[in-house]
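This is what each chain is made of:
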Amino acid sequence: MNILSHEICNEIDQWTAKFPKDKKQSAVLAALHIVQNHNDGWLRRELLDAVADYLEIPKMAVYEVASFYSMFDLKETGKYKINVCTNISCLLRGSEGVVKHFEKRLGISLGETTPDGKFTLREVECLAACVNAPVCQVLCKGKGDYQVDLTPEKIDTLLEGLK
Amino acid sequence: MADIEIDIDGKKIKTQAGKMLIQVADENDIYIPRFCYHKKLTVAANCRMCLVEVEKAPKTLPACATPVNDGMKVFTQSTKTLESQRAVMEFLLINHPLDCPICDQGGQCELQDFSLGYGKDNSSYNEEKRAVVNDDFGPLIATEMTRCIQCTRCVRFGKEILGVQEIGATGRGEHMQIGTYVKHTVTHEMSGNIIDLCPVGALLSKPFLYKARAWELKAYHSIASHDGVGSHLSVHTRRGEVMRVTARENETINETWISDRDRYSYEGLNQDRLTQPCIKDETGEWREVTWPVALNFVANALEKVKAAHGANQIGALISPNSTLEEAYLIKRLWRHLESSQINYNLRQTDPRLTVVPGLNIPIAEIENQQTIVLVGSHLRNDQPILAHLVRKAALKGAKVHVIDMIKHPYHFDLASETIVKPSEFVAAIREGQAQDLLLHSLIIMGENALNHPDASIIQSLLNKFATDTQSIFAQLPEGANAVGCYQVSAPAERNHLPMKAYLLHGIEPEYDVANPDQLQQNLLSADMVIAVTPFVSENLKKVAKVLLPCAAFTETSGTFMNLAGEQHSFSGCVAPKGEARPGWKIYRVLGNLLDVPAFDFESSEDILKSLDHQERQQVSSPDVHSRLQYVGATGQSSAVMPHVNQLERITAWPDCRSDSLVRRARALNQRAVETRFEAVHIHAETANKLQLIDGQAVQIKQDQAHVSSEIAINNQVPIGAVFIAGGTTLAAQLGNAAGYIEIIKC
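Parameters and conventions
Residues numbered from 1 in each chain as written. Chains lettered and ligands numbered in written order. Predicted model: local features only at pLDDT ≥ 70, side-chain atom pairs only at ≥ 80, totals over all residues. Heavy atoms only, no water. Domains from an automatic or database assignment. pLDDT = per-residue confidence, 0-100. Helix = DSSP H or I, 4+ residues; strand = E, 2+ residues; numbered from the N terminus. Contact = heavy atoms within 4.5 Å. Axes fitted to C-alpha atoms, helices over the stretch in contact; angles between N-to-C directions. Left-handed = near helix turned anticlockwise from the far one by under 90°. Nonpolar A, V, L, I, M, F, W, Y, C, P; charged D, E, K, R; others polar. Pairing = 2+ DSSP bridges. Expected span 1.5 Å × (residues − 1). Buried < 20%, exposed > 50% of the residue type's maximum accessible area, 1.4 Å probe, protein only. Arc of directions from axis to C-beta. Buried area = accessible area lost by both parts, 1.4 Å probe. Polar contact = N/O pair within 3.5 Å; in protein donor to acceptor, adjacent residues only side chain to side chain. Phe/Tyr/Trp six-rings, centres within 6.5 Å; stacked < 30°, edge-to-face > 60°. Core = buried A, V, L, I, M, F, W, Y, C linked by side-chain atoms within 4.5 Å. Salt bridge = Lys/Arg side-chain N within 4 Å of Asp/Glu carboxyl O. Disulfide = S-S within 2.5 Å.

### Re the domain arrangement of chain A
Note on interface size: it is often stated as the accessible area lost on association of the parts. Domains assigned within chain A are domain 1 (6–68) and domain 2 (80–162). Computed from C-alpha coordinates alone, the two centres of domain 1 of chain A and domain 2 of chain A are separated by 28 Å.

Right, here's the structure in full:
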């Protein structure tokens, strides 16, 4: 049984159309993004299997890709994923304080999700926006913005805005 | 490809462009250490162990992924090379637990060897090592994934050789692990090869786990005894016990692989062994006797039956896994007794059929075929190595057509697949012939077709078809020595009339024949039943009058002829258990007692020499095709229309139930539990119609037999048919393997 919605399948089809017919596997990254964005921002095992079946590739090929990339979440996440960069440039510009402030405001540590299921906080490697360090990325349903030149005040405003 | 010359360590080597450096080095006995490279797998170049210095290259290069060029100068022993290899070794050992004292791989471990040969004695890594949560691959393969160095040989083997990705590499960097990701048993019939492939102690044989150390073992060459491929084995023994079996390379047959059945069947060697000749006395009690007493008893009994009822009342039912020598001596004995009743095609149900076993091409030629037609052949189960070669052909572009009575899963694309009930099978083959696209194909008539009640019609249809299309016609019956048995002794006409005396050689009457019920009756009503067998069971004790313990697989010398007609001799690896004797010795002495002339054989080689002077039935001679009469046009189908609520029975022998040895192999049978081979398999629609559900307890009725079983929904079975696995307790209680079954709800 296909648990992927009609809408999802249509979106995946647009990607498979870009590759030769027998090379559907090429669309696996795009398909996983689409499925994740339509399903609360994380990928249940059944969804991975469904992607494999839809693309007619071995399930293992999907597990390998999904577990390789950190942008795919294989465990339940909050509605908003807050990715704080703690790489060298941000570190020099005070990312430690940024992380601390997030942790204080949300009452959770890095890698955790708030009990109300709203926020997931985690550290990520360089977001390629060093010119505005320290930065973080706020993701919701696969879409999101960079928040730059972070200060405690900015973080407060940001979190207010997400409520 | 152009001939070029390269220089490795000052040695000038002529070779062809396009080859990888490591290949050229291997061909010239220059050893370069490696973990991830394997000649049968694609190049991954991820372990970096094979780094070597190449002139003009700024850094050392991986020999497995560096194509050779004209004038290339390679240094496998230079300081730069050795430094690189030492650095790689240190790197690979960072996360390795170094638990060699408690690791089964210790003593046969590439990581251990290379660490000694190419590594250094200390490490600059003082941080914590990672540990990996272990996976469970099922009863055959033990895992200790913390030891894994992620060479990915097992992953590539699955993808490329097996065609099924049961194992993969998930996670990234420090967190990468090899495993099944979702817990499940690895089920492929050749999956055990990953144990041989794993260069470290991450993948190990579960039945062998903690049983012995590599340096305590002696390795003997042997030949696999379950299918007609003749896979080359290495049998490892310790103090007279077979401890394990691994693959031995033979490029033209099994390459570097063996099937799981061949690898794990040795586990049955210690079960239910008969260790002393026994005679049943008048009160029905079994009495242990000496060999001379037992054999004199047998000789007298045979002569008595012959005198009283005639020689053709003495029948021999011999296992097609018997050695050539055993089959030949039985043939000579029977000729001396003037009986023609010898049979080894015991699963066939069509009395008109004479199987002419043989592939008729060399085994390695399978992969070069353009078109392959599998007729009633569960090749993956019956001849796993041949199935692997068919897959290779398919990957090279061959068209594979399937006509069968059960849908078998294949790990390649089929050009066409026709699945019909047994009663429609002959018609489906006739229709299949109408397709005009099968010129120069390889037509394989497998066990399911050979066991069909109209097998003789199918045989002649296919034979004519093969002649018309200039194709090769192969018949692949069960057994390791079907061809050898055929060559020394034409099978007797099959009839189901009871005889007065029976010799059972290596068979279990309730499991190894098409009609267990009938044979059981015949045996019980016979005056004399002699069972020559390595194993004893309650049923053998019930039907036999004399039990003679014979040597099992690995305990006797002998010869098998594989389906390609190649003759492979092997020697015994361990002594037979107790008083058991090699089959040929038993028959030699029995022959002497019966005064068979020229029967003083000193060894199995002696017998083979004598056999060379005998006329054998040629299997692949050109007149085989003409000898098979064409009866297709007029041949009467024996299929009878069933009653309304009857289902057509299909029976095939699963690999773990195919002979007396594998039936006793614990791990193989444990793995097969998931296939529910003791259940009655029907299609979901059949179940629906009969209002049955999966797991439901039922009574099944065939002729006079009523048996309790349970339903397994299996959509590989055609609608209106029922699949019952052969060699099972369930099938043992039933009659003919082809026929009609009624399912009654409890």
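### Details of the confidence of the model for chain B
Residues and elements named next belong to chain B. A residue-level look at chain B finds 94% of positions with pLDDT of 70 or above and a mean pLDDT of 92. Averaged over each element, pLDDT in chain B is lowest for helix α19 (residues 624–627) (44) and highest for strand β24 (residues 546–549) (98). Across residues 620–635, confidence stays below pLDDT 50; counting only partners more than four residues off in sequence or on other chains, it has 29 contacts. Scored by ipTM, the complex comes to 0.86, with pTM at 0.92.

### Topic: the domain arrangement of chain B
By domain assignment, chain B separates into domain 1 (3–92), domain 2 (278–352 + 482–610), domain 3 (363–475) and domain 4 (646–745). Using C-alpha coordinates to define each centre, domain 1 of chain B is positioned 55 Å away from domain 4 of chain B.

### Overview of the packing of helix α8 (residues 324–337) of chain B against helix α18 (residues 604–612) of chain B
All names here are of chain B. Relative orientation of the contacting elements α8 and α18 amounts to 65°, with a least axis distance of 10 Å. Handedness of the α8/α18 crossing: left-handed. In contact with L324, E325, Y328, L329 and R332 of α8, α18 contributes S604, I607, L608, S610 and L611. Of the residues in the contact of α8 with α18, the class split is six nonpolar, two polar and two charged.

### Some thoughts on the sheet that holds strand β20 (residues 442–445) of chain B
All names here are of chain B. Pairing is parallel in the open sheet, where five strands are placed in the order β19-β18-β17-β20-β21. Of all strands in the sheet, those bounded by a partner on one side alone are β19 (416–419) and β21 (472–475). With direction set aside, neighbouring strand axes in the sheet form an average angle of 10°. Taken together, the four bridges between strand β18 (residues 399–404) and β19 define a ladder with parallel strand orientation. Bridge pairing links D404 to I419 in β19. Contacting β17 (371–375), β20 and β21, helix α13 (residues 455–468) crosses the sheet at an angle of about 175° to β20.

### Structural notes on helix α7 (residues 291–309) of chain B
All names here are of chain B. Helix length check: α7, at 19 residues, gives a terminal C-alpha distance of 27 Å against a target of 27 Å (1.5 Å per residue), a fit within 8%. Of the residues making up α7, those classed as buried are W291, A294, L295, V298, A299, A301, L302 and V305. Buried residues in α7, looked at end-on, bunch into an arc of 160°, giving them a common side. For α7, the exposed residues set more than 90 degrees away from the buried face come down to P292, K304, A307 and A308. Directly beyond the C-terminal end of α7, a positive phi value near 95° is found at G310.

### What about the interface of chain B and chain A?
Each partner contributes to the interface: chain B provides 13 residues, whereas chain A provides eleven residues. Across the chain B/chain A interface, buried area totals approximately 990 Å², and carbon plus sulfur atoms make up 60% of it. Its largest share of buried area at the contact with chain A, chain B owes to Q165, R172 and Y181 of chain B, together 56% of the area lost on that side. The interface formed by chain B and chain A holds three residue pairs in polar contact (both at pLDDT 80 or more) in total.

### Thoughts on the sheet that holds strand β10 (residues 218–223) of chain B
All names here are of chain B. Taken in spatial order, the three strands of this open sheet run β10-β11-β12, and their pairing is antiparallel. Because the sheet does not close on itself, it has two edges, and the strands there are β10 and β12 (241–247). Going from strand to strand, the sheet's axes swing by 30° on average, the running direction of each strand aside. In the sheet, strand β11 (residues 232–238) pairs with β12 via six bridges, with the strands oriented antiparallel. Across the sheet, the residue bridging to V235 is V245, located in β12.

### Notes on the packing of aromatic side chains
Residue and element names in this part refer to chain B. A full pass over the atoms with the stated rule returns eleven aromatic pairs over all chains. On the numbers, 4.8 Å between centres and 50° between planes, the contact of F157 with W257 is tilted. Highlighted residues: F157 in helix α4 (residues 153–162) and W257 in the loop between β12 and α6 (260–264), separated in sequence by 100 residues. On the basis of relative accessibility, which here comes to 0%, the residue F157 falls in the buried class. Residue class for W257 comes out buried when judged on its relative accessible area of 1%. Connected via pairs of aromatic rings, a cluster forms that spans Y31, F35, F114 and Y118.

### Some words on the nonpolar core
Core analysis: the largest hydrophobic core is formed by 154 residues, its most contacted members being F35 and L548 of chain B. Setting aside residues no more than four positions away along its own chain, F35 of chain B makes contact with C47, M49, M89, L92, E110, L111, F114, I149, C151, R153 and P199 of chain B. Core analysis: the next-biggest nonpolar cluster, separate from the first, contains 26 residues, V35, L47, I57 and V62 of chain A among them.

### Quick look at the pattern of salt bridges
Residues and elements named next belong to chain B. Under the defined criterion, the tally for this structure stands at 46 salt bridges over all chains. Two residues, E648 and K421, come together in a salt bridge whose shortest N-O distance is 4.0 Å. Of this pair, E648 sits in strand β27 (residues 646–652) while K421 is found in the loop between β19 and α11 (422–434), placing the two residues 227 residues apart along the sequence. Note on E648: relative accessible area 4%, which makes it buried. Salt bridges sharing partners connect three or more residues here, namely K40, E251, E255, E367, K392 and K396.

### What to know about the confidence of the model for chain A
On average, chain A scores 93 in pLDDT, and the residues at 70 or more come to 99%. When pLDDT is averaged over each helix and strand of chain A, the minimum, 89, is found for strand β5 (residues 143–147) of chain A and the maximum, 96, for helix α5 (residues 88–92) of chain A.

### A closer look at the state of the cysteines
Applying the stated criterion across every chain, the model contains zero disulfides over all chains. Unpaired in this structure, C100 of chain B has its nearest cysteine sulfur neighbour in C109 of chain B, at a distance of 6.3 Å.

### What to know about unusual backbone geometry
The peptide bond linking A133 of chain A to P134 of chain A adopts the cis configuration, its omega dihedral lying at -5°. Along the chain, the position of P134 of chain A falls in the loop between β3 (119–124) and β4 (136–140). Of note in this structure, Q691 of chain B is not a glycine but carries a positive phi near 55°. Assignment of secondary structure puts Q691 of chain B in the loop between α21 (684–689) and β29 (697–702).

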